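# Observations on chain architecture
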Amino acid sequence: MAEDFRTGFVAVVGRPNVGKSTLVNALVGRKISIVTPRAQTTRHAILGVLTRPDAQLLFVDTPGLHTRQRNMLNKAMNKAADSAMAGADLVMFVVEAGVWRSADDYVLEHVRNAGIPALLVVNKMDAVRPRSALLPYLEQVVGKGEFIGVIPVSAARIDNLDRLTDLVASLLPPGPPLYPLDATTNRSMEFRIAEMVREKLLLALRQEVPYGLAVEVLMLEQKPGVVLADVAIWADRDSHKGIVVGKGGATIKEVGTAARLELEAIFGGKFYLETHVKVKSNWADSARALQQFGFESEA
């Protein structure tokens, strides 16, 4: 290990749906966080580990900061983002190229309050047309805060990410790696199974139904050649249970199959998922339920 090796935590923050999870997955080179076109896909802070010859970059993907905290779940998600910044060496504040909303100002206020160095990462730069319009936008946003750098990237197209990681690595403090050199995340297999099922639910269902769902792995058994998991899908109202199951069980079967296939691709082995749909009314406003589902709730 080089004497000038650097290691540090990088909190990746921004309003919902600016591409934070896509960015972290692209930086790590593995699918660590689930990704859908829907806002509020990420609910927990999730660590992605990138180890290079000169540095170990510990990216913390965070839920989008919500200006409207309608329930305890929203508060817990905001708390996860603020806690990630409180424990970080550097903040990557992600915005959408060509767009600046009041929600971005809200995130910027949280970044300022964290009091640590911040990079402004302008994602989705490939969506700006004409490309010449990107320069005035960058000139506009650079004056909004005291950033130590502003870098345009496209996470979806893996564009300019090498420059970003080089800069991040140079800004981290000297120190040995904190995780094994082959690690990509600190999240358990149970967590990743539950998240994968929730991703497929978000993609399969419409309107407000997916936001009222939580997923919990009740049992996990790893046998030679196969992983067996008993998965509970919790709905917050009775009327949603039938929608999740679908006609003749078609929807839940589609979700389970899609989750199984992607898990097998990620982990390189066979999975068998037994799924059940249950009801826990108003779980998003229950401190006990949030704790059960792995959230650090607020009273």
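Residues numbered from 1 in each chain as written. Predicted model: local features only at pLDDT ≥ 70, side-chain atom pairs only at ≥ 80, totals over all residues. Heavy atoms only, no water.

## Some details on the environment of Phe93
So the rule is basically this: By definition, any uninterrupted DSSP run of H or I lasting at least four residues is a helix, any uninterrupted run of E lasting at least two residues is a strand, and each is numbered from the N terminus. Relative accessibility under 20% of the residue-type maximum defines a buried residue, over 50% an exposed one, and the middle range a partly exposed one, all with a 1.4 Å probe and only protein chains included. By definition, residues are in contact when any of their heavy atoms lie within 4.5 Å.
Mapped onto the elements, Phe93 comes out in strand E4 (residues 90-96). Note on Phe93: relative accessible area 0%, which makes it buried. On a C-alpha basis, the gap between Phe93 and Leu161 in space is 15 Å, while along the polypeptide they are 68 residues apart. Not counting residues within four places of it along the chain, the set of residues in contact with Phe93 comprises Val13, Gly14, Trp100, Asp104, Val107, Leu108, Val111, Leu119, Leu120, Val121 and Phe147.

## What about the nonpolar core?
Stated formally: Throughout this description, the term nonpolar core refers to a set of buried Ala, Val, Leu, Ile, Met, Phe, Trp, Tyr and Cys residues connected via side-chain atoms within 4.5 Å.
Ranked by internal contacts, the top residues of the largest apolar core, which has 30 residues, are Val13, Val91, Phe93, Val111 and Tyr137. Of all the elements in the fold, those that place two or more residues in this core are strand E1 (6-13), strand E2 (46-51), strand E3 (55-61), helix H2 (72-86), E4, helix H3 (102-114), strand E5 (118-123) and helix H4 (134-142). Judged by nonpolar contacts, the second largest core, of 28 residues, contains Val12, Val18, Ile46 and Leu172.

## Thoughts on helix H5 (residues 161-171)
Definition in use: Note that the arc is computed from the directions linking the helix axis to the C-beta atoms.
Regarding H5, the residues found buried are Leu161, Leu164, Thr165, Val168 and Ala169. Down the axis of H5, the sector holding all buried residues measures 130°, keeping them to one side.

## Observations concerning the packing of helix H1 (residues 20-28) against H5
The test is simple: Only the contacting stretch of a helix is used when fitting its axis, a line to C-alpha atoms as for every element, and angles between N-to-C directions run 0 to 180 degrees. Oblique is the label for every angle not falling under 35 degrees (roughly parallel), over 145 degrees (roughly antiparallel), or within 65 to 115 degrees (roughly perpendicular). Residue classes follow a fixed rule: Ala, Val, Leu, Ile, Met, Phe, Trp, Tyr, Cys and Pro count as nonpolar, while Asp, Glu, Lys and Arg count as charged, and any other residue, Gly among them, counts as polar.
Across the interface, H1 lies against H5 with an axial gap of 11 Å and an inter-helix angle of 80°. Between H1 and H5, the interaxial angle falls into the category roughly perpendicular. Between H1 and H5, the contacting residues are Leu23, Ala26 and Leu27 on the first element and Leu161, Leu164 and Thr165 on the second. Considered class by class, the residues forming the contact of H1 with H5 number 5 nonpolar, 1 polar and no charged.

## So, the environment of Leu47
Inspection of the secondary structure puts Leu47 in strand E2. Taking the C-alpha atoms as reference, Leu47 lies 10.0 Å from Val12; in sequence the two are 35 residues apart. Setting aside chain neighbours within four positions, we find Leu47 in contact with Phe9, Ile32, Leu58, Phe59, Val60, Tyr179, Thr184, Thr185 and Asn186.

## Notes on the sheet that holds E4
Just so we agree on the cut-off: Pairing between strands is defined by DSSP: at least two bridges between them are needed.
Pairing in this open sheet of 6 strands is mixed, and the strands run E2-E3-E1-E4-E5-E6 from one edge to the other. One side of each edge strand has no neighbouring strand; the edge strands of this open sheet are E2 and strand E6 (149-152). Direction aside, neighbouring strands of the sheet carry axes that sit 25° apart on average. Across 6 bridges, E2 lies against E3 in antiparallel orientation. When the sheet's bridge partners are listed, Leu47 is paired in E3 with Val60. Against the sheet, H4 contacts E4, E5 and E6, and its axis sits at roughly 150° relative to E6.

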